[in-house]
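# Close look at the chain arrangement
Okay, here's what each chain looks like letter by letter:
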Amino acid sequence: METSVRQADREAIEDAARLLVSGEVVAFPTETVYGLGADARSATAVARIYAAKGRPSDNPLIVHVADMEQAEQVAQWTDPLARRLAARFWPGPLTLVLPVLPGAVSDLVTAGLDTVGLRMPSHSVALQLIAASGVPVAAPSANRSGRPSPTQASHVEQDLDGRIPLILDGGSCGMGLESTVVRVVDGQMHLLRPGGITTGQLQEAAGPDYRLVVADGEELHQAEAAPRSPGVKYTHYAPKGELVLVDGPRVAVQQWIGAETAQASAAGWRVGVLAFEDSASFYKADLVVSCGSRQHPEQAAQRLYEALRQFDEQHIDKIWAETCPDEGLGMAVMNRLRKAAGHRVLRMSAAPPRPQ
Ligand code: TXA
Ligand code: MG
């Protein structure tokens, strides 16, 4: 199949909408990452998403809508908390997992669960595309399964060229990491995936009557691995090289990574470091990527996936990454980094390792 990449102007968006209505898949930009969309009501169309991505079909997909009317045709909105969160954060990077209306979308979208993940993106191209098609649009990130999510049209092309008919190019995604996923069922609010909307923002919007159940660190990993959020049991975002996170006081981390890269380099490996800008110049490696300021995790969020792709392009065998505080948007950054590293995290104590 020939894949065309088109500037997301009005004509291209209308053509993309026609493809969606005819049961085809289309890649399009959102404010988080690029999505690979299909008509959520059609099993044939949704099956094409799984085929193009090479993704197992027991992993449920997020349904994207352009307005509340569409959202009400897909899910049950009986819980006042769900309405409150949608009113506060939509359009935007929040996915609400709500009870699904029977028959509203294909079982392939929900993976047979009685809930559905719903999101109204804020990117104008995404909103125009969904509105023009008039259908709820199921869309996971537009990468091959196991690869970092795409934040530019060229990333989608790298992964899906020849496998889908059209990529709408809307430039770089502003946020760079996927939406926050929150389950709101029976008056309970569970964080299933940290993302662009922080836990602080969610708790503030929900008010004192609700408590956001957040299991951080290992607990979050376990909660995610449970069947409640089936997507997380698969390997995600993995670069081809082996990635290890090194956590701890900055100087200890620098010395450790410095010694490891030198040793691995001497042994003939191609080595890489993912660092924050306050220590990037410290490292000597085949590729050092700075993900911006440690104090501004929105910069790391925006650069992370592209950085992981760069390590692949440069055929890096071993990668060490610094960490940032696991709070605010940093929680989403760390969550993705831990997944990319297959949960290999080294913790340095204050005392630096002895130089060899
Ligand atoms: O920002 C985003 O959310 C992007 C853009 C394209 O909108 N989409 C995205 O989709 O990241 P995907 O398929 O890569 O991730 C969907 C996540 C998975 O972790 C999945 O398990 C969870 O949402 N999810 C979807 N429906 C669910 C449901 N009914 N119950 C629990 N988790 C669900
Ligand atoms: Mg994904």
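Above this text you will find the structure in question.
If you're wondering where the values come from, they're calculated on a predicted model, not measured in any experiment.

## With respect to the packing of helix α7 (residues 153-160) against helix α11 (residues 297-313)
- Running from amino to carboxyl end, α7 crosses α11 at an angle of 45°, the nearest separation of the two axes being 12 Å. Between α7 and α11, the angle is such that the two are oblique. The way α7 lies across α11 gives a crossing that is left-handed. Residues His155, Gln158 and Asp159 of α7 form the contact with α11, whose participating residues are Glu306, Arg309 and Glu313.
- Each residue belonging to the contact of α7 with α11 can be placed in one class, and the counts come to no nonpolar, two polar and four charged.

## A word on the sheet that holds strand β6 (residues 115-119)
- Pairing is mixed across the open sheet formed by eleven strands, whose spatial order is β1-β8-β2-β3-β7-β4-β6-β5-β9-β10-β11. On the outer flanks of this sheet lie β1 (4-7) and β11 (212-213), each paired with one strand and no other.
- Bridge count for β1 against strand β8 (residues 166-169) is four bridges, and the pairing is parallel. Each bridged residue has a counterpart across the sheet, and for serine 4 the counterpart in β8 is leucine 166.
- Packed on one face of the sheet, helix α8 (residues 199-206) meets β5 (94-99), β9 (180-185), β10 (188-193) and β11 and runs near 165° to β10.

## Quick word on α8
- Considered for burial, the residues of α8 that qualify are Leu202, Ala205 and Ala206. One side of α8 carries all its buried residues, which in axial view fall inside an arc of 95°.
- For α8, the secondary structure elements touched by its buried residues are α4 (80-89), β5, β9, β10 and β11.
- Positioned one or two residues after α8, glycine 207 has a phi angle of 85°, which is positive.

## Some thoughts on the packing of aromatic side chains
- Under the counting rule described, the total for this entry stands at two aromatic pairs.
- With a centroid separation of 5.6 Å and 75° between ring planes, the pair formed by tryptophan 77 and tryptophan 90 is classed as edge-to-face. Of this pair, tryptophan 77 sits in the loop between α3 (68-72) and α4 while tryptophan 90 sits in the loop between α4 and β5, and the two are 13 residues apart along the sequence.
- In this structure tryptophan 77 comes out as buried when scored by relative accessible area, which is 7%.
- Centre to centre, the rings of phenylalanine 282 and tyrosine 283 are 5.4 Å apart; their planes meet at 85°, and the pair counts as edge-to-face.
- Phenylalanine 282 sits in the partly exposed class, given a relative accessible area of 39%.
- The side chain of lysine 318 reaches across the aromatic face of tryptophan 269, ending 4.9 Å from its centre.

Rules used throughout
Residues numbered from 1 in each chain as written. Chains lettered and ligands numbered in written order. Predicted model: local features only at pLDDT ≥ 70, side-chain atom pairs only at ≥ 80, totals over all residues. Heavy atoms only, no water. Axes fitted to C-alpha atoms, helices over the stretch in contact; angles between N-to-C directions. Helix = DSSP H or I, 4+ residues; strand = E, 2+ residues; numbered from the N terminus. Parallel < 35°, antiparallel > 145°, perpendicular 65-115°, else oblique. Left-handed = near helix turned anticlockwise from the far one by under 90°. Contact = heavy atoms within 4.5 Å. Nonpolar A, V, L, I, M, F, W, Y, C, P; charged D, E, K, R; others polar. Pairing = 2+ DSSP bridges. Buried < 20%, exposed > 50% of the residue type's maximum accessible area, 1.4 Å probe, protein only. Arc of directions from axis to C-beta. Phe/Tyr/Trp six-rings, centres within 6.5 Å; stacked < 30°, edge-to-face > 60°. Lys NZ or Arg CZ within 6 Å of the ring centre and 35° of its normal.

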